[in-house]
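Fold and geometry: a report
The chain contents come next:
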Amino acid sequence: MKRNQIIVIVSVLLITFITGVTTMYFLYKEKYGIVRSATTALTQIINSGTLTTDIVDASYVPVSSPSLAMSAKNFSFSCQSSTGTLGTATQQLYVQNPDAADGGWTLTIAATSGPTSFWHSNSSSASYDYNDSTSSGCTDGDDTDSLAGQMTIDASSGTLAKGNCASCTVTNITKGSQASFAESSVNSITLLNAALGSDDIGDWKLTGVGISQTIPPEQPAASDYSINLTITVAAV
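To keep things clear, this report deals only with the structure shown in the data block. (Residues numbered from 1 in each chain as written. Predicted model: local features only at pLDDT ≥ 70, side-chain atom pairs only at ≥ 80, totals over all residues. Heavy atoms only, no water.)

**Description of the overall build of the protein chain**
- Helix and strand content of the protein chain: one helix and 15 strands.
- Looking at the protein chain residue by residue over its 236 residues, the buried ones come to 34%.
- For the protein chain, the proportion of contacts with a sequence separation of at least 24, taken over those separated by at least 6, is 73%.
- When the accessible area of the protein chain is evaluated, it comes to approximately 14,100 Å², of which 54% is carbon and sulfur surface. (Helix = DSSP H or I, 4+ residues; strand = E, 2+ residues; numbered from the N terminus. Buried < 20%, exposed > 50% of the residue type's maximum accessible area, 1.4 Å probe, protein only. Contact = heavy atoms within 4.5 Å. Areas by Shrake-Rupley, 256 points an atom, 1.4 Å probe, with all protein chains shown as cover.)

So this is what it looks like as structure tokens:
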């Protein structure tokens, strides 16, 4: 037999031997408990988030001190009205529902300090009302203060759109109708109403809400009249 043939035969026998021994070794270890295997079940919990609202910029970053400047008016001996727009590209009204309100939700706006609030100027110490319905705010009525003036908000004039969500829509979310504050009877005004059939997961933005304010006759001139309003979202 040639030398090369002998080498090949020996090599094949050696490989076969080593393979067999190795196989027997691991079978032995597994049989007698030296080698063990186990399966670990991984679990994951994803909790629903919190229904929230905020005023955000175009990148959905909350605006630290949102504000709205009503149209400037001159002193007048007659009743007059100023206007403004709530919700702009840089100050959007924003709602997030991360599977928190499956039955729907409402977005409302009200005076931060309640129905006894009023417009006030620190420089002139003058004030006027935001919720006196007498003569559409031109004269003072039978409310708790002696101030005239009334604010009207028209959410129906606004633009509702989805935010960052991939698949949510504005279906079954309706804008509120025009309404005026009236002490005791209308202390908050609805901006958005999401019905039961609205998306359980999504985010939405509202811009272009019209605001008008009746200013009573002979209201003293001042450059710093202000009133704070708060938007609130609540599950239904």
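**Concerning the packing of aromatic side chains**
- This model, assessed by the stated rule, comprises six aromatic pairs.
- Taking the centre distance of 5.6 Å and the plane angle of 40° together, the rings of Trp105 and Trp204 count as tilted. Of this pair, Trp105 sits in strand S4 (residues 105-111) while Trp204 is found in strand S12 (residues 201-207), placing the two residues 99 residues apart along the sequence. Taken as a pair, Trp105 and Trp204 share a single burial class, namely buried. (Phe/Tyr/Trp six-rings, centres within 6.5 Å; stacked < 30°, edge-to-face > 60°.)

**Some points on the side chain of Glu183**
- Assignment of secondary structure puts Glu183 in the loop between strand S10 (179-180) and strand S11 (188-194).
- It turns out Glu183 is buried and unbridged, and the closest side chain with the opposite charge, Lys73, is 24 Å from it.
- At 2.7 Å, the side chain of Glu183 forms a polar contact with the side chain of Thr144. (Lys, Arg positive; Asp, Glu negative; His and termini not counted. Salt bridge = Lys/Arg side-chain N within 4 Å of Asp/Glu carboxyl O. Polar contact = N/O pair within 3.5 Å; in protein donor to acceptor, adjacent residues only side chain to side chain.)

**Examining the environment of Thr144**
- Checked against the element boundaries, Thr144 lands in the loop between strand S6 (127-128) and strand S7 (150-154).
- The sequence separation of Thr144 and Ser184 amounts to 40 residues, and the corresponding C-alpha distance is 9.8 Å.
- In this view, Thr144 contacts Thr116 and Glu183; residues no more than four positions away in its chain are not counted.

**Section: the state of the cysteines**
- On inspection of all chains with the given rule, the structure shows two disulfides.
- A sulfur-sulfur separation of 2.1 Å characterises the disulfide bridge that pairs Cys79 with Cys138. Residues Cys79 and Cys138 are joined by a disulfide whose S-S torsion is about -80°; by sign, that bridge is left-handed. Of this pair, Cys79 sits in the loop between strand S1 (52-56) and strand S2 (80-86) while Cys138 sits in the loop between S6 and S7; the two residues are 59 residues apart in sequence, bridging distant segments of the chain. (Disulfide = S-S within 2.5 Å.)

**Describing the pairing of S11**
- Relative to S11, S4 runs antiparallel, the two being bridged by six bridges. Looking at S11, one finds that Trp105 is bridged to Ala194. (Pairing = 2+ DSSP bridges.)

**So, the sheet that holds S4**
- Read across the open sheet, the four strands follow the order S9-S11-S4-S15; overall the sheet is antiparallel. Where the open sheet ends on each side, the last strands, each with one partner, are strand S9 (173-175) and strand S15 (229-235). Taken pair by pair, the neighbouring strands of this sheet meet at an average axis angle of 25°, ignoring direction. (Axes fitted to C-alpha atoms, helices over the stretch in contact; angles between N-to-C directions.)

**Notes on the nonpolar core**
- Formed by 36 residues in total, the largest nonpolar core has its most connected members in Trp105, Leu107, Ile109, Trp119, Met151, Ile153 and Leu191.
- Secondary-structure elements contributing two or more residues to this core are strand S3 (92-98), S4, S7, S11, S12, strand S13 (209-215) and S15.
- Those residues in contact with Leu107 that lie beyond four places of it in its chain are Thr53, Val95, Ile189, Thr190, Leu191, Leu192, Ile231, Thr232 and Val233. (Core = buried A, V, L, I, M, F, W, Y, C linked by side-chain atoms within 4.5 Å.)

**Here we look at the environment of Ser157**
- Turning to its location among the elements, Ser157 is positioned in the loop between S7 and strand S8 (159-162).
- Taking relative accessible area as the criterion, Ser157 reaches 41% and is therefore assigned partly exposed.
- Between the C-alpha atom of Ser157 and that of Thr85, which follows or precedes it by 72 residues, the distance is 9.8 Å.
- Residues contacting Ser157, with those up to four places away along its chain left out, are Gly208, Val209 and Gly210.
- Within the structure, the side chain of Ser157 is placed 3.4 Å from the backbone oxygen of Gly208, a separation counted as a polar contact.
- Polar contacts involving the side chain of Ser157 include one to the main-chain amide nitrogen of Gly210, which spans 3.2 Å.

**Side note on unusual backbone geometry**
- For Asp99, which is not a glycine, the phi torsion comes out positive at approximately 65°.
- On the secondary structure map, Asp99 appears in the loop between S3 and S4.
- Overall, the relative accessible area of 33% leaves Asp99 in the partly exposed class.
- At Ser125, a position not held by glycine, the phi torsion is positive, near 60°.
- Residue classification places Ser125 among the exposed residues on the basis of a relative accessible area of 57%.

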